[in-house]
Amino acid sequence: MKTHNRRLDIALALGLAALLLLPWYRIDGGFFAFGWLSAFPEEPAAAPGLLQIASFGKWWLILPALAMMVAAAARLIGDPARRGSFLAWTGAGGIAVLALQGLAIGFSGWNWTISESLFGALADGQPSMGAGAVFAALVFVLLFAFGLAERGVMKGDAFVVSAISMLVFLVAVFVFYPVGSMLVGAFQDFDGSFNPEGFTRNIVDPSIWSLDCVVGGGRCGIAWRTFWLAVMTAGGSTILGLAFALVATRTGFRYKRSLRLLTVLPIITPPFVVGLALTLLFGRSGVITEALSTLIGVEPGRWLYGLTGIWIAQVLSFTPISFLVLIGVVEGVSPSMEEASQTLRADRWRTFWRISLPLMKPGLANAFLIGFIESMADFGNPLVLGGSHGVLSTEIFFAVVGSQNDPSRAAVLALILLCFTLTAFLAQRFWLSGKSFATVTGKGDSGSHAALPRTVSIAVHALVIPWALFTLVVYGMILVGGFVKTWGLDNSLTLTHYIKAFSVEFRDGGIAWTGVAWNSFWTTMEIALISAPLTAAVGLLTAYLIVRQRFAGRELFEFALMMSFAIPGTVIGISYIMAFNLPPLEMTGSALILVACFVFRNMPVGVRGGVAAMSQLDRSLDEASLTLRANSFRTIRKIILPLLRPAITAALVYSFVRAITSISAVIFLVSAEYNMATAYIVGLVENGEYGVAIAYSSMLIVVMISVIAGFQLVVGERRLRRENRVQALARAPAPLPQEKTA
């Protein structure tokens, strides 16, 4: 009872602070600049919620303030069940009235005609929600969760209920609300009036659904072209990722550390740079193309510009993601199971095919799903190498910013993309349903991993070594490109590009960052270092809830998280602009919108990696901790997280890298104050400054490698006690002789 009252008192104190001590509306210049303190609380722009009601005529704020006061009255109710119901209804009502008044009232008054008819015209409107309103909304979510916990939901575990409630709330705000705002545009005219003609015209467009490539030898429609490319990319990246994981963990390959670093390189490179490097290698005037033409007379062709070139670039870019997902899964397969198979006279091939590989199914399914979704959402590679073979992501981009200017078509294409993604998601769920893959339990697990069958070892080396050499060649082109005057024309060496981008001077006893790239560089590092830990924390917490908890709507919740990952970054960027450019939440031009975009766009990778790794942890570990009276939070911190270190590292690395290398969503969200590296590099490429663009990209690669190494050092490695029984017996001391007794 004391614990219940203490957490309720803390929540109510935070709610009171939101009404009395924080500006209710958005502050121009930013809340954390603290310039509003000089005007607090007298000025209308900085006044708290209660003063907005009493002095500035914002009578509609009475309802959320009243809901907070009613919640305080729950402190007087002694019966836990009644108090829980009271808190749950009050919290839900507070969230509802906050959302309704925020959506209904804009800058100049009512946004809805029906509201003006019912309540009359308003003399004044309201700006966007600020720190006070946002803080109050979070408090209402906590009150709702505490009420459900006191009602016995999730066995009364307040931490689990609060985590689920908060994640549902955040996903609704940062995924469903912006996507819904964009999809509403499919049925609207330019003036905002309802008009479904654009939707019906685009949904039956033959250029989307044509199957001429199958029946008539022509070109497939955009939808089927994107689908087959995604299947081929997901298959190729999953096979290569598994091969890299097996070589890194199950063979005596001498250069394992270098191999791990090499697999990370493609993911830490802006995607259009990889496409440009492939063009310089295999384009009509590429290095390899010209060499083949000179040596054996092969006529230069345009085979690179189309689905083949996009497929090569995507497999090169997405194989590291598969490797990061699969490395922890391959390491987590129990050696004792493989030893038991060999004890029963199974050879190495049968052991690998019947024991090891089936236990990797969660990782393989997740790697394939992520590769499929990544391919469908990819924007940079198709833009550089697609030529006339457009895919859904690029067509959505051109439908909005091109000459078409057809947001309805963009919304229709986004819906088609979601249908493909949902199909892949459900297929994965069906394949893994009803199966258990737990291999890490609380029991002792000794032994060493079985050696790979000879044929498998030869096959994975035959895949890994050529692909690693190919990756080195591509990155050699990128590295050299920053030191030549004009890439492909004047190859004389120079440092001009690096000096222009990253020059530093000492003035007045201090450092002056005079290079043209420093401003976007520091902004990018700040945003990435803030969003990466948040992405990993939210993703892994969500994975824990999905795998370990059973609650209504769990499957829908999991799909909602994947939906933000499935939608092309172009659509995410546009939907964020449409949703957060006006009240009730105005974030455009700020760092917050970039952080929110990265967290909820990249979180599904942490979720899928965490789900794959957590599927191998037996539930008895959690049950033992809870039996010893540890709560859920302590169980996660002491038991689950140490065993999820590979997944934590993968989530940190991926989210940090994607925050730096993403372009499709970022290009719509950057501003003069917060300009990200990829958007700046695109500007350099558009201006023909290829050398500076490559120099900037090379510097980003070096920085990302350093930060990734730091993440690995901070998180550490998962330590599973696995000792070979023969070696253990050999080291064990001999038993002491026993005296004979009568």
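Residues numbered from 1 in each chain as written. Predicted model: local features only at pLDDT ≥ 70, side-chain atom pairs only at ≥ 80, totals over all residues. Heavy atoms only, no water.

Draft legend 1. Representation of the overall build of the protein. If you tally the helices and strands in the protein, you get 34 helices and four strands. The 742 residues of the protein split such that 53% are buried. Contacts in the protein between residues far apart in sequence, at least 24 positions, make up 74% of those at least 6 positions apart. When the accessible surface of the protein is split by element, carbon and sulfur atoms take 65% of a total near 34,100 Å². (Helix = DSSP H or I, 4+ residues; strand = E, 2+ residues; numbered from the N terminus. Buried < 20%, exposed > 50% of the residue type's maximum accessible area, 1.4 Å probe, protein only. Contact = heavy atoms within 4.5 Å. Areas by Shrake-Rupley, 256 points an atom, 1.4 Å probe, with all protein chains shown as cover.)

Draft legend 2. Just the side chain of Arg548, in detail. Structurally, Arg548 is set in helix α24 (residues 518–548). In contact with Arg548, not counting residues within four places along its chain, are Met614, Leu617, Asp618, Arg619 and Asp622.

Draft legend 3. How the structure looks around the pairing of strand β4 (residues 510–513). Inspection of the sheet shows strand β3 (residues 504–507) paired to β4 by four bridges, in the antiparallel sense. Among the inter-strand pairings, Arg507 is bridged to a residue of β4, identified as Gly510. Connecting β3 to the antiparallel partner β4 that follows it, the hairpin turn spans two residues, and Asp508 within it adopts a positive phi of roughly 50°. (Pairing = 2+ DSSP bridges.)

Draft legend 4. Fine view of empty space enclosed by the protein. If you walk through the whole model with that rule in mind, you get six cavities of 30 Å³ or more. The computed volume of the second largest cavity comes to approximately 140 Å³. For the second largest cavity, the lining is made up of 15 residues, of which Leu324, Val325, Gly609, Pro646 and Ala647 are closest to its centre. Of all elements in the fold, only α15 (307–332), α27 (591–614) and α30 (645–661) reach the threshold of two or more residues within the lining of the second largest cavity. Classifying every residue of the lining of the second largest cavity by side-chain character gives eleven nonpolar, three polar and one charged. (1 Å grid on protein atoms, 1.4 Å probe; cavity = no way out; pocket = protein on both sides within 12 Å on 5 of 7 lines; lining within 4 Å. Points joined across faces, edges and corners; volume = space filled by probe spheres on them. Nonpolar A, V, L, I, M, F, W, Y, C, P; charged D, E, K, R; others polar.)

Draft legend 5. Spotlight on the environment of Ser520. Mapped onto the elements of the fold, Ser520 is located in helix α24. Taking the C-alpha atoms as reference points, Ser520 and Thr678, separated by 158 residues in sequence, lie 8.9 Å from one another. Contacts of Ser520, omitting those with residues within four sequence positions, involve Asn675, Met676, Ala677, Tyr680 and Tyr696. At 3.2 Å, the side chain of Ser520 forms a polar contact with the backbone oxygen of Ala517. At 2.7 Å, the side chain of Ser520 and the side chain of Tyr696 are in polar contact. (Polar contact = N/O pair within 3.5 Å; in protein donor to acceptor, adjacent residues only side chain to side chain.)

Draft legend 6. Structural detail: the nonpolar core. Counting residues in each nonpolar core, the largest one holds 177 residues, and the members touching the most others are Leu143, Leu278, Tyr576 and Phe656. Of all the elements, α27 adds the most residues to this core, at 15 residues. Not counting chain neighbours up to four residues away, the residues in contact with Tyr576 comprise Phe174, Pro178, Asn581, Ile593, Ala596, Cys597, Phe600 and Leu669. Among the nonpolar cores identified, the runner-up in size contains 28 residues, and Ala223, Ile373, Ile396 and Val571 belong to it. (Core = buried A, V, L, I, M, F, W, Y, C linked by side-chain atoms within 4.5 Å.)

Draft legend 7. Examining the pattern of salt bridges more closely. Counted under the stated rule, the structure contains seven salt bridges. A salt bridge links Arg75 to Asp9, with the shortest nitrogen-to-oxygen separation between them at 2.7 Å. Placement of Arg75 in the loop between α3 (62–73) and α4 (80–104) and of Asp9 in helix α1 (residues 2–20) is noted, with a sequence separation of 66 residues between them. Of the residues examined, Asp9 reaches a relative accessible area of 33% and is grouped as partly exposed. With its nearest N and O atoms 2.8 Å apart, the salt bridge here joins Glu150 to Arg83. In this pair, Glu150 is assigned in helix α6 (residues 131–150) and Arg83 in helix α4, connecting sequence segments 67 residues apart. (Salt bridge = Lys/Arg side-chain N within 4 Å of Asp/Glu carboxyl O.)

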